[in-house]
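Residues per chain, in single letters:
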Amino acid sequence: MTVWTWGIDLALAFVLLWLAGHLLLAADLFKAVVLYIAFGLLMALVWVRLAAPDVAMAEAAIGAGLTGALLLSALGRIQETAEKNLEEEGEP
């Protein structure tokens, strides 16, 4: 392994740890979902670096793509329901 590959691997590891920390501490749900999608895409890149392209494709498609889309959809529904409940209670 060359110095460049070690550098790439260390950078990926630190970015993944940074993303995981910010994901867990995010107060805004939309920000948490976006960080989750970014984490999944970087994990796919890690799997590519580990010479597991089949796992990388599954991680990108299912972990980041499908699950991220479902989480964004659920977040939208939660916000719509919260807005309806506020309107029914008479609050602006």
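Residues numbered from 1 in each chain as written. Predicted model: local features only at pLDDT ≥ 70, side-chain atom pairs only at ≥ 80, totals over all residues. Heavy atoms only, no water.

Caption draft 1: Seen up close, the packing of helix α2 (residues 29-49) against helix α3 (residues 53-88). The geometry of α2 relative to α3 is characterised by a closest axis approach of 8 Å and an angle of 175° between their N-to-C directions. In terms of orientation, α2 lies roughly antiparallel with respect to α3. Contacts from L29, F30, V33, Y36, I37, G40, L41, M43, A44, W47 and V48 in α2 reach V55, A56, E59, A60, G63, A64, T67, G68, L71, L72 and L75 in α3. (Axes fitted to C-alpha atoms, helices over the stretch in contact; angles between N-to-C directions. Helix = DSSP H or I, 4+ residues; strand = E, 2+ residues; numbered from the N terminus. Parallel < 35°, antiparallel > 145°, perpendicular 65-115°, else oblique. Contact = heavy atoms within 4.5 Å.)

Caption draft 2: Quick peek at the nonpolar core. L12, L16, L19, L35, L42, M43 and V46 together form the largest nonpolar core, which totals 7 residues. Counting only elements with at least two residues in this core, the list comes to α1 (3-25) and α2. The element best represented in this core is α2, accounting for 4 residues. Other than its neighbours up to four places away in sequence, M43 contacts L16 and E59. (Core = buried A, V, L, I, M, F, W, Y, C linked by side-chain atoms within 4.5 Å. Buried < 20%, exposed > 50% of the residue type's maximum accessible area, 1.4 Å probe, protein only.)

Caption draft 3: Inspection of a negative patch on the surface at higher detail. Together, E80, E83, E87, E88 and E89 make up a negatively charged patch on the protein surface. Looking at the element boundaries, E88 is found in helix α3. Under the relative-accessibility criterion, E88 is labelled exposed at 66%. (Patch = residues over 30% accessible without salt bridge, like charges linked within 9 Å, V, L, I, M, F, W, Y side chains within 5 Å. Areas by Shrake-Rupley, 256 points an atom, 1.4 Å probe, with all protein chains shown as cover. Salt bridge = Lys/Arg side-chain N within 4 Å of Asp/Glu carboxyl O. Lys, Arg positive; Asp, Glu negative; His and termini not counted. Charge placed at Lys NZ, Arg CZ, Asp CG, Glu CD.)

Caption draft 4: Highlighting the packing of α1 against α2. Running from N to C, α1 and α2 point in directions that differ by 155°, and their axes come no closer than 10 Å. Considering their axes alone, α1 and α2 lie roughly antiparallel with respect to each other. Judged by the twist between their axes, the crossing of α1 over α2 is left-handed. Between α1 and α2, the contacting residues are T5, I8, D9, L12, V15, L16, L19, A20, H22 and L23 on the first element and A32, L35, Y36, A38, F39, L42, M43, L45, V46 and R49 on the second. (Left-handed = near helix turned anticlockwise from the far one by under 90°.)

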